[in-house]
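The lines below spell out each chain.
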Amino acid sequence: MKCHICSNPTVAFTHEKTNITYYHCKGCEYIFKSPENYQDLEMQKERYNLHENNAEDAGYVAYFQRFLDFTLPLVEKSKNALDFGCGRTSLLASLLEKEGISCDYYDPIYHPDTLKDNKKYDLIVSTEVFEHLHQPREVFADLLERLHNGGYLAIQTEFHANTEEAFKMWWYPQDPTHIVFFRVKTFKVLSDTYGCNVVKDNGKNMVVIKKP
């Protein structure tokens, strides 16, 4: 099967505990679950409803604050933002508002009618979303279209270790709604494809990309 990111051939491997097949692109280092195991939005919602994400929870706030501590110094001139895939709460949007950045929010399950088609943003943030995407390349391209020239796309998703042995031991694929997995190189390939630049990554789970 060809890679969904760079169209190169992939290597298939099976996770013995689940008997699920994954495909590993050695070119851009992208891994994706066999598409017959993808879940529709209703099945995903059942899983998400189990998450206890409370805007009053100090740990949950701190989780987003770490993302902002990494991102905001790199995007200092941003005046407006979009939280893409915000989930049930608009907590991240609220935290950005406190930083003086007006922020819209959108989620295909919980806030499906909030996306403004023709609006452009200085900053788009997307935390723990990309691992759920059926078509990450297409979504990446669409988000870039929603950015002003010179705008930023800030993404948080756990980066895999790039070995099949480590992947099979990793906790992240255990969530059945996690279907696609990235490394910094994957985002560099995507960025090169669409003429963008990776500004900075933390080597673990965060990357900031700038549109020219």
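The rules behind each value
- Residues numbered from 1 in each chain as written.
- Predicted model: local features only at pLDDT ≥ 70, side-chain atom pairs only at ≥ 80, totals over all residues.
- Heavy atoms only, no water.
- Core = buried A, V, L, I, M, F, W, Y, C linked by side-chain atoms within 4.5 Å.
- Buried < 20%, exposed > 50% of the residue type's maximum accessible area, 1.4 Å probe, protein only.
- Helix = DSSP H or I, 4+ residues; strand = E, 2+ residues; numbered from the N terminus.
- Contact = heavy atoms within 4.5 Å.
- Phe/Tyr/Trp six-rings, centres within 6.5 Å; stacked < 30°, edge-to-face > 60°.
- Axes fitted to C-alpha atoms, helices over the stretch in contact; angles between N-to-C directions.
- Parallel < 35°, antiparallel > 145°, perpendicular 65-115°, else oblique.
- Left-handed = near helix turned anticlockwise from the far one by under 90°.
- Pairing = 2+ DSSP bridges.

**Q** Can you help me understand the nonpolar core in this one?
**A** Nonpolar side chains in soluble globular proteins tend to be buried together. Counting 33 residues, the largest nonpolar core has Tyr30, Ile124, Phe130, Leu153, Phe187 and Ile209 as its most contacted members. Those elements that place two or more of their residues in this core are strand E4 (80–84), strand E6 (121–127), helix H4 (136–145), strand E7 (147–156), helix H6 (184–193) and strand E10 (206–210). Ranked by the residues each element gives to this core, the list is headed by H4, at 4 residues. For Phe130, the contacting residues outside a window of four places in its chain are Pro136, Phe140, Leu143, Ile155, Thr157, Val180, Phe182 and Phe187. In this structure, Tyr60, Phe64, Val75 and Ala81 belong to the second largest nonpolar core, which totals 21 residues.

**Q** How do you make sense of the packing of aromatic side chains when you look at a structure like this?
**A** How two aromatic rings sit relative to each other is set out by the distance from centre to centre and by the angle between their planes. Applying the stated criterion across every chain yields a total of 22 aromatic pairs. Put simply, the rings of Phe13, Tyr22, Phe167, Trp170, Trp171, Tyr172 and Phe181 pair up and form one aromatic cluster.

**Q** For this particular structure, what's the right way to read the packing of helix H2 (residues 58–71) against helix H3 (residues 91–98)?
**A** Axes are the key here: two packed helices are described by the angle between their axes and the distance separating the axes. At a minimum axis distance of 10 Å, the contact between H2 and H3 shows a crossing angle of 55°. If you check the angle between H2 and H3, you find them oblique. For the pair H2 and H3, the sense of crossing is right-handed. Counting all contacts with H2, which are made through Tyr60, Val61, Phe64, Gln65, Phe67 and Leu68, the residues of H3 involved are Leu91, Leu92, Leu95 and Leu96.

**Q** Is there a simple way to think about the sheet that holds E6 in this case?
**A** Pairing is mixed across the open sheet formed by 6 strands, whose spatial order is E5-E4-E6-E7-E10-E9. Bordering the open sheet on either side are strand E5 (102–106) and strand E9 (197–201), each of which pairs with just one other strand. On average, each strand axis in the sheet is inclined to that of its neighbour by 20°, with strand direction left out of account. Packing of H3 onto the sheet brings it into contact with E4, E5 and E6, and relative to E5 it is tilted by some 170°. Against the sheet, H6 engages E7, E9 and E10, with an angle of about 155° to E9.

**Q** I tried to follow the sheet that holds strand E1 (residues 11–15) on my own but got confused; where do I start?
**A** What holds strands together in a sheet is hydrogen bonding between their backbones, with the strands either parallel or antiparallel. The 4 strands are arranged E1-E2-E3-E8 in an open sheet whose pairing can be described as antiparallel. The open sheet has two edge strands with one neighbour each: E1 and strand E8 (180–181). Looking at chain direction, strand E3 (residues 31–33) and E8 are connected through 2 bridges and run antiparallel. Looking at the pairing, Phe32 lines up with Val180 of E8.

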